[in-house]
Amino acid sequence: MKNQNVIIIICLFFSVIGYSQFDFKQFVPQNPNVSALFKSTITPVNEYSGTANINIPIYTLQEGGLSIPISIGYATGGIQVSEESSVVGLGWSLNAGGAITRNVNGIDDFHITKGFLANPKNHPDLPPNWNPETQPFAFPKNAVGSYDQFDCEFDSDNGIQTFYDLPPKTLTLDNDYLRDVFMFNFNGYGGSFVLSKNSPNAFLTSKTPIKIEYEGSGTGIYSNVKITALTEDGALYEFAQMGMTLMPNINPNIDYVSSWYLSKITDILGNEAIFNYDSSNTITPFKSFNQVFSATTGPSFQPRSEYKDFAGPLTHVDDILLTSIEIKKNGQKVQEAIFEYSVLNVNTRERLDVDSRFLKSVKIYNSSQIDPIEEFDLYQSYFGNQVTGDYYNYSLTNGDFAQSISALGSEFPNLNLRLKLDSVARNVKERHVFKYHENFAVPNKTSMSQDYWGFYNGVINPEVFIPEITSANVNQSQINQEKKANRRPEKSYAKMFSLKSVIYPTRGSTDYEYELNTFDQSFIN
């Protein structure tokens, strides 16, 4: 029996809650399974980021040059309050096959007429008669009157493009000058890339022995795009199963393909791995909650301040679930992995935290046997409690923004529950058991009790999400910020939901200790 201790630094990217300007595409939530899969891609597992590699192997499918490991992985970067659980459980991801996802910057790169690939220009038209040697910046058009009319319009192909204070349900579709950023995670490979206008080859942002190409055709708003990746061992990976993000209330229509799932691998010997999916369900994620604090000072204006609340766009995301992996040799199936999920139909919904399903088991078959040669069962419960009765606590006054984003409908079964993976058993007997930090009452996923990075801090922040604003260039006495949120991190609360220990079938265990990031204040001027 062996016990290990591992120290983890809670470290995720900064998430801003208060904005003065925004492109609402930045507030479109992803499929929770895709988010879980790419968590370790965004925050790499290494000593610098303070994250550990937690991987529970399930089985490896092999034939010729094909080797497809199936496992579940855990990202130790901490769990944010609004984070949804994957089909495995909160913080866990199913590693089998892979996917490509992207951050849409501006407009979909594949938009037939307005996307980056269709736009022949690399930058917008400059304002007429503008001299950069005498003018440090270009003044917006029609920049007269109050700041409410200061909408930063500029010429772009004889049109007007507006970015400032954009209402959540409107969008000016003009030519796109920003590349989307694509991220990939499949079979041990991970990284990101952008597209080229002049060739089907993608530009990888880091040195990775992969050649990525795209091809597509279509006559609608988006193209029917397939992405392929050729690896150094000669294997060809095809990503043809598309997952859509739909925004029904946006005009003009900007639905787009948000993810491509691995559909086929072919090795240099001709052996094939076929990935099959169930795409019959869609998920409706929470709308994003955005709050803006604006203040004016100085002799030219009557000092004033105000808070504005915005709800992001209503979105529907395809719920793509991997159902099987078939290994074929000479066109004949020789091995197969079957993934079984909970029931979701008009009469039965086994999963309680989101309108989706959870993974129940993985079974491995070969061509010569009817019964599975290996079986892995997942056992889950929930963080939190199933709330009944009135939703009287879900208000900004009580530090909860659920009502502000219309999150109390039937598509959100419960705002307090999160799927929790308790254990994984191999052939019933060999079991991995998981323990978590859950020493406090579970906050709602729409709770405003969050630190600057979105982790739980145990503080009730009624009405506002924006902390005290400080600036060396502004006289603080002139800003009437009556309400301020406490967004300071608190270690004991920030660990909420995080994995505490793994107990192995041998009864040995690994314990994980977490700490907050620190910095030397002497470097701050």
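K.L.:
Hey, could you run me through the overall build of the protein chain in this one?
P.N.:
Helices and strands together make up the secondary structure of the protein chain, namely three helices and 25 strands. Expressed as a percentage of its 525 residues, the buried residues of the protein chain come to 46%. Within the protein chain, counting contacts between residues at least 6 apart in sequence, those at least 24 apart form 64% of the total.

K.L.:
Which parts of the structure should I look at to understand the confidence of the model for the protein chain?
P.N.:
Predicted coordinates in areas of low pLDDT are best not read in detail. Considering every residue of the protein chain, the mean pLDDT works out to 79; 74% of them sit at 70 or more. Here residues 5-27 is a poorly scored stretch, pLDDT under 50, and it has 90 contacts once near neighbours within four places are set aside; other chains count. Per-residue pLDDT stays below 50 along residues 139-172; that stretch engages in 74 contacts with residues further than four places along the chain or on separate chains.

K.L.:
Looking at this structure, how should I read the pairing of strand β5 (residues 98-103)?
P.N.:
The side chains of a regular strand alternate between both faces of the sheet. The element β5 is largely enclosed, with a buried count of five among its six residues. Judged from the six bridges that link them, β5 and strand β8 (residues 181-186) form a sheet pairing that is antiparallel. From the neighbouring strand, R102 faces β8, where its bridge partner is F182.

K.L.:
Please clarify how the pattern of salt bridges should be interpreted in this entry.
P.N.:
Opposite charge on two side chains permits pairing when their charged atoms draw close. In total, this model carries 18 salt bridges according to the counting rule given. Here R102 and D180 are joined by a salt bridge, their closest N and O atoms 2.9 Å apart. Taken together, the positions of R102 in strand β5 and D180 in the loop between β7 (159-161) and β8 put the pair 78 residues apart, joining distant regions of the chain. Among the ionic pairs, K363 bridges to E340, the shortest N-O distance being 3.5 Å. Taken together, the residues span a long stretch of sequence, with K363 in strand β20 (residues 359-366) and E340 in strand β19 (residues 332-341) at a distance of 23 residues. Through salt bridges that share partners, R102, D108 and D180 make up one connected network.

K.L.:
Help me understand the side chain of S356 in this model?
P.N.:
As for its position among the elements, S356 is in the loop between β19 and β20. Judged by its relative accessible area of 2%, S356 falls in the buried class. A distance of 2.7 Å separates a polar atom in the side chain of S356 from a polar atom in the side chain of D319.

K.L.:
What is the right way to read the environment of A402 from this model?
P.N.:
Checked against the element boundaries, A402 lands in the loop between β21 (374-383) and β22 (418-426). In the structure, A402 is positioned 42 residues away from N444 in sequence and 8.9 Å away in space, judged by C-alpha atoms. Excluding residues within four positions of it along the chain, A402 makes contact with Y394, A407, L408, L415 and T446.

K.L.:
What should I look at first to understand the pairing of β20 in this one?
P.N.:
In terms of strand pairing, β19 meets β20 through seven bridges, oriented antiparallel. Residue pairing across strands places F339 opposite V362, the latter belonging to β20. Sheet topology note: the β20/β21 ladder contains four bridges and is antiparallel. Paired with V362 across the bridge in β21 is F376.

K.L.:
Explanation requested: the nonpolar core in the structure shown.
P.N.:
W92, W260, I325, F339 and L499 are the most contacted members of the largest nonpolar core, which has 73 residues in total. If we ignore the near neighbours within four places in the chain, the residues touching W260 are A99, I100, R102, F110, F182, V225, I227, F239, Q241 and M242. Residues Y394, A407, F412 and M448 belong to the second largest nonpolar core, which totals twelve residues.

K.L.:
Would you explain the packing of aromatic side chains in this entry?
P.N.:
Given two aromatic rings, one states the distance between the centres and the angle between the planes to describe the pair. Here the structure, examined in full by the defined rule, presents 22 aromatic pairs. Between F110 and Y214, the aromatic rings sit 5.8 Å apart at their centres with planes inclined by 65°, giving edge-to-face as the arrangement. Highlighted residues: F110 in the loop between β5 and β6 (154-156) and Y214 in strand β11 (residues 210-217), separated in sequence by 104 residues. For the ring pair F440 and Y493, a centre distance of 4.2 Å and an interplane angle of 25° mean the geometry is stacked. Of this pair, F440 sits in the loop between β23 (430-436) and α3 (491-494) while Y493 sits in helix α3, and the two are 53 residues apart along the sequence. Its relative accessible area of 28% is what places F440 among the partly exposed residues. Residue placement shows K420 over the ring face of F383; its charged tip is 5.0 Å from the ring centre. Note that R431 overlies the ring of Y379, its terminal NZ or CZ placed 4.5 Å from the centroid.

About the criteria used
- Residues numbered from 1 in each chain as written.
- Predicted model: local features only at pLDDT ≥ 70, side-chain atom pairs only at ≥ 80, totals over all residues.
- Heavy atoms only, no water.
- Helix = DSSP H or I, 4+ residues; strand = E, 2+ residues; numbered from the N terminus.
- Buried < 20%, exposed > 50% of the residue type's maximum accessible area, 1.4 Å probe, protein only.
- Contact = heavy atoms within 4.5 Å.
- pLDDT = per-residue confidence, 0-100.
- Pairing = 2+ DSSP bridges.
- Salt bridge = Lys/Arg side-chain N within 4 Å of Asp/Glu carboxyl O.
- Polar contact = N/O pair within 3.5 Å; in protein donor to acceptor, adjacent residues only side chain to side chain.
- Core = buried A, V, L, I, M, F, W, Y, C linked by side-chain atoms within 4.5 Å.
- Phe/Tyr/Trp six-rings, centres within 6.5 Å; stacked < 30°, edge-to-face > 60°.
- Lys NZ or Arg CZ within 6 Å of the ring centre and 35° of its normal.

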